[in-house]
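Notes for the structure review
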Amino acid sequence: MEGFQFEVIKESPHHRGRLGRLQTPHGRIQTPVFMPVGTQATVKAMRPEDLTDIGFPIILSNTYHLYLRPGSEIVREAGGLHDFMNWPGAILTDSGGFQVFSLSNLTKVSDDGVLFRSHIDGSSHLFTPERVMEIEGDLGADIIMAFDQCLPYPSTHETAEAAVTRTTAWAKRCKEAKTRDDQALFGIVQGVAYQDLRQRSAGELVELDLPGYAIGGLSVGEPKPVMYEVLEYTVPLLPRDKPRYLMGVGSPDCLWEGVERGIDMFDCVFPTRIGRNGTAMTRKGRVIIRDARYARDFSPLDPDCSCPTCRNYTRAYLRHLFKAGEILAMHLVTYHNLHFLHSLMEEIRQALEKGTFAQAKAAFFNEFYGA
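Here's what I pulled together on the structure shown here.

Conventions we followed
- Residues numbered from 1 in each chain as written.
- Predicted model: local features only at pLDDT ≥ 70, side-chain atom pairs only at ≥ 80, totals over all residues.
- Heavy atoms only, no water.
- Axes fitted to C-alpha atoms, helices over the stretch in contact; angles between N-to-C directions.
- Helix = DSSP H or I, 4+ residues; strand = E, 2+ residues; numbered from the N terminus.
- Parallel < 35°, antiparallel > 145°, perpendicular 65-115°, else oblique.
- Contact = heavy atoms within 4.5 Å.
- Nonpolar A, V, L, I, M, F, W, Y, C, P; charged D, E, K, R; others polar.
- Pairing = 2+ DSSP bridges.
- Expected span 1.5 Å × (residues − 1).
- Buried < 20%, exposed > 50% of the residue type's maximum accessible area, 1.4 Å probe, protein only.
- Arc of directions from axis to C-beta.
- Disulfide = S-S within 2.5 Å.
- Salt bridge = Lys/Arg side-chain N within 4 Å of Asp/Glu carboxyl O.
- Left-handed = near helix turned anticlockwise from the far one by under 90°.
- Lys, Arg positive; Asp, Glu negative; His and termini not counted.

1. Things to note about the packing of helix H14 (residues 327-354) against helix H15 (residues 357-369)
Working note: a packed helix pair is described by the angle between its axes plus the distance between those axes. Interaxial distance between H14 and H15 falls to 8 Å at its minimum, and their mutual angle equals 150°. The orientation of H14 with respect to H15, classified from their angle, is roughly antiparallel. Contacts from Phe340, Leu344, Glu347, Ile348, Ala351 and Leu352 in H14 reach Phe357, Ala360, Phe364 and Phe368 in H15. Counted by class, the contact of H14 with H15 contains 9 nonpolar, no polar and 1 charged residues.

Below is the structure:
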């Protein structure tokens, strides 16, 4: 495949954590990596230049949303998503499967695809694997996800089994329909929390010999111990020499736990969403900056952080911005949260390199959660 290669650099002898190097047409990515979510061709409250300054090599965008607005043909005419949003790094586009099922007012699922109504204007649309590959081709991301059927938790075994059957069939159709050699197609393992179905889904997708594999259908309401259990028995079923992507997961505890279980790639709206609402992640836990106790707190948001927000602004000022409804507030705290997670992933990679992962994880948890 043109411009795409993954290499495992180092593996832990004590757990499944590993260091890797992922080469894409738009740059090299050190894994494990966290990818900020730019659903509608923008990471909310951030400029692409801000993301570059922080050091992110890859972001995520969404097929469903860009298909509905502005339309994938407009993005294609602009030269693809990279040119359209002025982002020089790599991009991964989700297939829109999760959004079709979670945002649509009405869906009708068949083996052919999904008929759904737009959450914007109620208009009717049909997503088939072939149509999704056409849209993702227009968008031009480096990594594209196969169309899948994502279920809520809990779901019955019968319903989950039907979704696995459909997800495999759709992945095959996506592989056949994909036309661009410069895009890497990842399959998505489904099966809710049923071990037999996860095993079956992983086995069928591995047979397709795709460039990478995601684990989907998690972080959809299940308790975290259930998610970790699913990872325990699913990750070993995926090829060692291909990247493993845990979809929709990005809280600090889940990043440590996911890496320990062999995950290479993560994404989540969590850091940007809570940032826009006035919550910051720091080494000592979350800071809800709107709280009255910060009204006269002239210390940095996080004394241990080197981001521009923490170097230049106080908690009192940030609280004032939020209370006054100023847009700058959302930008400054979002910037900090993304910087925090990028630094955390660097810390995790360094711990894997030095062989000190267990100690680093314990130290972080003790400080962040006060355990």
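2. Side note on the pairing of strand S16 (residues 285-288)
Strand residues, when the strand is regular, have side chains that alternate between the two faces of the sheet. Pairing of strand S15 (residues 279-282) with S16 involves 4 bridges; the strand directions are antiparallel. Among the inter-strand pairings, Ala280 is bridged to a residue of S16, identified as Val287. Counting the residues that bridge the hairpin from S15 to S16 gives 2 residues.

3. Some remarks on helix H8 (residues 195-206)
The terminal C-alpha atoms of H8, which comprises 12 residues, lie 16 Å apart, in line with the 16 Å expected from a rise of 1.5 Å per residue. Along H8, the residues classified as buried are Leu197, Arg198, Ser201, Ala202 and Leu205. Looking straight down H8, one finds that the buried residues subtend no more than 130° of arc, so they occupy a single side. Buried positions along H8 lie against helix H7 (157-177), strand S11 (184-189), strand S12 (212-215) and helix H9 (224-234).

4. Here we look at the state of the cysteines
Here, disulfide denotes a covalent bond that connects the sulfur atoms of two cysteines. Applying the stated rule across the entire model yields 0 disulfides. We note that Cys310 lacks a disulfide partner, and the nearest cysteine sulfur, in Cys307, lies 3.7 Å from it.

5. Looking at the pattern of salt bridges
Side-chain pairs of opposite charge can arise whenever the charged atoms involved come near each other. One pass over the full model with this rule turns up 24 salt bridges. Close ionic contact of Arg240 with Glu11 constitutes a salt bridge, the shortest N to O distance being 3.1 Å. One end of the pair, Arg240, is in the loop between H9 and strand S13 (244-246); the other, Glu11, is in strand S1 (residues 5-11), with 229 residues separating them in the sequence. A relative accessible area of 41% places Glu11 in the partly exposed class. Close ionic contact of Asp253 with Lys224 constitutes a salt bridge, the shortest N to O distance being 2.6 Å. Of the two residues, Asp253 is situated in helix H10 (residues 252-260) and Lys224 in helix H9; the sequence distance between them amounts to 29 residues. Classification of Asp253 by relative accessible area gives buried; the value is 11%. Because the salt bridges share partners, they merge into one network encompassing Arg16, Glu232, Glu257, Glu260, Arg261 and Lys361.

6. So, the sheet that holds S1
Strands sit in the order S1-S2-S3 across an open sheet of 3 strands; the sheet is antiparallel. The open sheet has two free edges, formed respectively by S1 and strand S3 (27-31), since each of these has just one partner strand. Along the sheet, successive strands turn relative to each other by an average axial angle of 15°, direction set aside. The pairing of S1 with strand S2 (residues 18-24) spans 6 bridges and is classified as antiparallel. Within S2, the position partnered with Phe6 by the bridge is Leu22. Against the sheet, H14 engages S1, S2 and S3, with an angle of about 120° to S2.

7. Considering the packing of H10 against H14
Between H10 and H14, the least distance of the axes is 11 Å, while the angle of their chain directions is 25°. One way to sum up the angle between H10 and H14 is to call them roughly parallel. Classified by chirality, the crossing of H14 by H10 is right-handed. Across the interface between the two elements, Pro252, Leu255, Trp256 and Val259 of H10 pack against Phe340, Leu341, Leu344, Met345, Glu347, Ile348 and Leu352 of H14.

8. Details of the environment of Leu115
Along the chain, Leu115 falls in strand S8 (residues 114-117). Judged by relative accessible area, which is 38%, Leu115 ranks as partly exposed. Remark: the alpha-carbon pair of Leu115 and Asp209, spanning 94 residues in sequence, is separated by 29 Å.

9. Topic: the sheet that holds strand S9 (residues 124-127)
To summarise the sheet geometry, strands pair through backbone hydrogen bonds and adopt either a parallel or an antiparallel arrangement. Sheet architecture is open: 3 strands sit in the order S7-S8-S9, paired in antiparallel fashion. Of all the strands in the sheet, the pair left with one neighbour each is strand S7 (107-109) and S9. For this sheet, the mean angle separating the axes of adjacent strands, direction not counted, is 15°. Examined bridge by bridge, S8 and S9 share 4 bridges and lie antiparallel to one another. Opposite Leu115, over in S9, you have Leu126 as the bridge partner.

10. So, H14
An ideal rise of 1.5 Å per residue puts 40 Å on 28 residues; H14 measures up with 41 Å between its terminal C-alpha atoms. Phi for Gly355, located one or two positions after H14, is positive at around 75°.

11. Let's talk about the side chain of Arg244
Mapped onto the secondary structure, Arg244 falls in strand S13. The buried charged residue Arg244 lacks any salt bridge, with Asp264 as its nearest oppositely charged partner at 4.7 Å. Non-local contacts of Arg244, meaning those with residues more than four positions away in its chain, are made with Arg18, Tyr213, Val235, Leu238, Pro239, Gly262, Ile263, Asp264 and Met265.

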